[in-house]
Amino acid sequence: ADQRARLLSNEARAAVAEFLALRFESIESGANARRAAHLVSHPLHPSLHRAKRAVCEPLFKDFVLGDQNILGTDERVTAMLQFVPDAALRERMENHLLTRGSRWNSHER
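Quick summary incoming for the structure in this document.

About the cut-offs
Residues numbered from 1 in each chain as written. Predicted model: local features only at pLDDT ≥ 70, side-chain atom pairs only at ≥ 80, totals over all residues. Heavy atoms only, no water. Helix = DSSP H or I, 4+ residues; strand = E, 2+ residues; numbered from the N terminus. Buried < 20%, exposed > 50% of the residue type's maximum accessible area, 1.4 Å probe, protein only. Contact = heavy atoms within 4.5 Å. Expected span 1.5 Å × (residues − 1). Bend = angle between axes of the 7 residues up to and from the residue. Salt bridge = Lys/Arg side-chain N within 4 Å of Asp/Glu carboxyl O.

So, about the overall build of the chain. Of regular secondary structure, the chain possesses five helices and two strands. Listing every helix and strand of the chain by position from the N terminus yields α-α-β-β-α-α-α. For the chain, the residues scored as buried account for 11% of the 109 residues in total. By sequence separation, contacts in the chain at least 24 residues apart represent 32% of the contacts at least 6 residues apart.

With that out of the way, let us pick up unusual backbone geometry. Excluding glycine, residues mostly carry a negative phi; peptide bonds, for their part, are mostly trans. With a phi angle near 55°, N69 is a residue other than glycine that sits in the positive phi range. Locating N69 in the fold gives a position in the loop between helix 3 (46-67) and helix 4 (74-81).

The next subject is helix 3. Between its terminal C-alpha atoms helix 3 stretches 29 Å, which fits the 32 Å expected from 22 residues at 1.5 Å a residue. Maximal helix bending in helix 3 amounts to about 40°, located at K52. Count one or two residues on from helix 3 and you reach N69, which has phi positive near 55°.

Within the element layout of this structure, L81 appears in helix 4. For L81, a relative accessible area of 1% translates into the label buried. For the pair L81 and E91, spaced ten residues apart in sequence, the C-alpha separation works out to 8.7 Å. Those residues in contact with L81 that lie beyond four places of it in its chain are R90, M93, E94 and L97.

Under the definition given, this model contains three salt bridges. The partner of D2 in a salt bridge is R4, and the shortest N-O contact between them spans 3.1 Å. R4 gets classed as exposed once you look at its relative accessible area, which sits at 64%. A salt bridge links R53 to E57, with the nearest nitrogen and oxygen atoms 3.0 Å apart. Here E57 and R53 lie together in helix 3, a separation of four residues that amounts to about one turn. Among the residues examined, E57 registers a relative accessible area of 22% and is labelled partly exposed. Through salt bridges with shared partners, a single network forms among K52, R53 and E57.

Tracing the backbone shows R90 in helix 5 (residues 87-99). You can call R90 partly exposed: its relative accessible area is 24%. Along the sequence, R90 and M80 sit ten residues apart, while their C-alpha atoms lie 9.9 Å from each other. With sequence-adjacent residues up to four places away left out, R90 is seen in contact with L81, V84 and P85.

Structure follows, in structure tokens:
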């Protein structure tokens with residue numbers, strides 16, 4: 001552990017944690033708001049951005065796109081798109097994902 005961090009006051013440690021914390025915005029979707037989507041505010045702190053690129057994205061591709069095959073069928077794509085709160089974005093994604101022969105890399109465009 002970093003000795004400098006151990007010497008910080010509780011207030012200073014709290015300020016560092018607050019600075020690095022992810023900010024979430026809750027967005028209700030649908031007329032009944034059965035589900036709430038949580039969006040991470042942008043821009044991400046540079047260290048969080050690096051972690052997203054180096055760790056989260058490769059794991060997402062391997063596990064969610066690969067093992068779980070979330071884009072494998074039209075039914076799975078439709079179910080996944082129910083979590084997109086913006087109707088216009090959801091429609092564009094649906095048109096894009098359901099009309100492509102290969103869905104594996106289309107989510108990045």
